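Fold and geometry: a report
Each chain, letter by letter, is given below.
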Amino acid sequence: MEIIRAENLRHIYKTASGEKLALDDLNFSIDAGEFVAIIGTNGSGKSTLAKHFNALLKPTAGKIFVNELDTSDEKNIWAIRENVGMVFQNPDNEIVAAIVEDDIAFGLENLGIEPSEIRRRVDLALENVNMTPYKNFSPSKLSGGQKQRIAIAGVIAMQTKIIVFDEPTAMLDPQGRREVLSTIKKLHVQGLTIILITHFMEEAATADKIFLMERGKILKVGTPREIFSNVKEIKRLGLDVPVATELSARLKIPKTILTAEELIAEI
Ligand code: ADP
Ligand code: MG
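This text gives an overview of the structure that appears in the document. (Residues numbered from 1 in each chain as written. Chains lettered and ligands numbered in written order. Predicted model: local features only at pLDDT ≥ 70, side-chain atom pairs only at ≥ 80, totals over all residues. Heavy atoms only, no water.)

1. Section: the side chain of glutamate 34
Summarising the element assignment, glutamate 34 is placed in the loop between strand 2 (18-31) and strand 3 (35-40). Side-chain polar atoms of glutamate 34 contact the backbone nitrogen of aspartate 31, separated by 2.8 Å. Other than its neighbours up to four places away in sequence, glutamate 34 contacts His188, Leu192, Thr193, Ile194, Asp208 and Lys209. (Helix = DSSP H or I, 4+ residues; strand = E, 2+ residues; numbered from the N terminus. Polar contact = N/O pair within 3.5 Å; in protein donor to acceptor, adjacent residues only side chain to side chain. Contact = heavy atoms within 4.5 Å.)

Right under this line is the structure:
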């Protein structure tokens with residue numbers, strides 16, 4: 001079942017130096033429960049698209065619907081934001097409280113939810129991101145990956161059906177990246193719709209579907225295997241492919257390989 005649909009979605013930024021076409025008449029849909037990765041070089045329009053999913057930006061032309069709600073209609077904004085949570089690159093910009101559990105409760109308190117229900121949701125969210133032992137910690141004492149998981153817990157506690165991640169692992173070390181990716185995958189298994197913008201092709205390779213963006217357009221939509229089948233084309237666009245894909249291409253393995261496990265099995 002379709003949960004997001006874009007129809008000729010266009011976004012133009014107006015600046016002092018002129019106009020910038022950032023999204024060029026996009027048409028696509030995303031099904032409920034799907035895990036979509038969005039890849040593309042810097043400036044291709046990924047973050048602009050992310051901000052349309054929860055009406056942080058309004059289309060210059062065309063439309064985008066979330067749960068059949070038109071994002072350009074003011075009266076839909078709160079209902080849309082109840083459906084779509086956002087996680088950005090830098091958790092330091094998202095963490096507001098001095099204690100982990102207060103930070104997760106923050107959004108709920110603002111909605112006027114009862115204390116017992118807040119307690120229940122905060123505990124569940126902490127559990128979900130494997131951070132229960134840290135509930136009384138100061139976020140400043142946590143690693144980047146832990147902070148990002150607290151930011152994700154804050155979104156989980158809001159019980160949105162869709163979570164959009166805009167390069168959530170870009171500032172993390174490899175360990176932090178693994179923690180955050182496994183949290184994202186767990187949420188997908190639980191039935192949430194996941195949209196993950198990433199520069200890490202190993203992360204994109206775990207999605208159900210990839211949107212490949214270039215200069216404000218979605219150049220290609222396909223499974224990771226379809227998208228990474230043409231290594232030359234991806235490289236020509238200035239992007240990488242997963243390391244195992246690269247190696248298998250050099251070894252002239254005719255199949256498209258996505259992971260180290262697949263490569264080992266093939267050899
Ligand atoms: P990405 O996330 O893929 O790097 P963005 O969506 O941030 O791409 O940017 C798409 C294009 O829009 C780029 O050319 C960028 O310079 C431009 N852009 C992004 N934000 C603004 C803004 N606030 N004002 C003007 N131009 C912008
Ligand atoms: Mg961006």
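2. Looking at the nonpolar core
In this structure, Ile39, Ile104, Ile150, Ile152, Phe165, Ile194 and Phe228 are the most contacted members of the largest nonpolar core, which totals 46 residues. Element by element, the count of residues in this core is highest for helix 5 (residues 144-157), at six residues. Counting residues in each nonpolar core, the second largest holds 25 residues, with Leu9, Val36, Ile80 and Ile162 among its members. (Core = buried A, V, L, I, M, F, W, Y, C linked by side-chain atoms within 4.5 Å. Buried < 20%, exposed > 50% of the residue type's maximum accessible area, 1.4 Å probe, protein only.)

3. Focus: the pattern of salt bridges
A complete count under the given rule lists 23 salt bridges for this structure. A salt bridge links glutamate 214 to arginine 215; the nearest nitrogen and oxygen atoms lie 3.6 Å apart. Assessed through its relative accessible area of 70%, arginine 215 is described here as exposed. A salt bridge links arginine 225 to glutamate 262; the nearest nitrogen and oxygen atoms lie 3.0 Å apart. Taken together, the positions of arginine 225 in helix 8 (residues 224-227) and glutamate 262 in helix 11 (residues 260-266) put the pair 37 residues apart, joining distant regions of the chain. Arginine 225 gets classed as partly exposed once you look at its relative accessible area, which sits at 38%. (Salt bridge = Lys/Arg side-chain N within 4 Å of Asp/Glu carboxyl O.)

4. Regarding the site of ligand 1
As a structural note, the neighbourhood of ligand 1 is formed by Tyr13, Thr15, Lys20, Ala22, Thr41, Asn42, Gly43, Ser44, Gly45, Lys46, Ser47 and Thr48. Within the contact set of ligand 1, an oxygen atom lies 3.3 Å away from a backbone nitrogen or oxygen of serine 44. Separating an oxygen atom of ligand 1 from a backbone N or O atom of glycine 45 is a distance of 3.0 Å. Alone, ligand 1 offers 560 Å² of accessible surface; in the complex the protein occludes 65% of this. Taken together, the elements giving at least two residues each to the shell around ligand 1 come down to strand 1 (2-15), strand 2 and helix 1 (46-53). Ranked by residues supplied to the shell around ligand 1, first place goes to helix 1 with three residues. For the shell around ligand 1, the per-class residue count stands at two nonpolar, eight polar and two charged. (Near = heavy atom within 4 Å. Areas by Shrake-Rupley, 256 points an atom, 1.4 Å probe, with all protein chains shown as cover. Nonpolar A, V, L, I, M, F, W, Y, C, P; charged D, E, K, R; others polar.)

5. Things to note about the sheet that holds strand 2
Reading across from one edge, 2-1-4-5 is the order of the four strands in this open sheet, with antiparallel pairing throughout. Because the sheet does not close on itself, it has two edges, and the strands there are strand 2 and strand 5 (69-70). Note: strand 4 (residues 61-66) against strand 5, two bridges, orientation antiparallel. Within strand 5, the position partnered with phenylalanine 65 by the bridge is aspartate 70. (Pairing = 2+ DSSP bridges.)

6. As for the side chain of arginine 121
Relative to the helices and strands, arginine 121 resides in helix 4 (residues 115-128). Judged by its relative accessible area of 12%, arginine 121 is buried. The residues touching arginine 121, leaving out its near neighbours within four places in the chain, are Leu108, Ile113, Ala157, Met158 and Gln159.

7. Structural notes on the sheet that holds strand 7 (residues 162-166)
The strand order 6-7-8-3-9-10 describes an open sheet built from six strands, whose pairing is mixed. The open sheet has two free edges, formed respectively by strand 6 (84-87) and strand 10 (217-222), since each of these has just one partner strand. Sheet twist, expressed as the average angle between the axes of neighbouring strands with direction ignored, equals 20°. In the sheet, strand 3 pairs with strand 8 (residues 193-197) via four bridges, with the strands oriented parallel. Considered in strand 8, the bridge of valine 36 is made with isoleucine 195. (Axes fitted to C-alpha atoms, helices over the stretch in contact; angles between N-to-C directions.)

8. Observations concerning the packing of helix 4 against helix 5
Relative orientation of the contacting elements helix 4 and helix 5 amounts to 135°, with a least axis distance of 9 Å. Taken together, the axes of helix 4 and helix 5 lie oblique to each other. The way helix 4 lies across helix 5 gives a crossing that is right-handed. When helix 4 is examined against helix 5, the residues Arg121, Ala125, Leu126 and Asn128 are found in contact with a partner set consisting of Ile150, Ala153, Ile156 and Ala157. Its residues assigned to classes, the contact of helix 4 with helix 5 shows six nonpolar, one polar and one charged. (Parallel < 35°, antiparallel > 145°, perpendicular 65-115°, else oblique. Left-handed = near helix turned anticlockwise from the far one by under 90°.)

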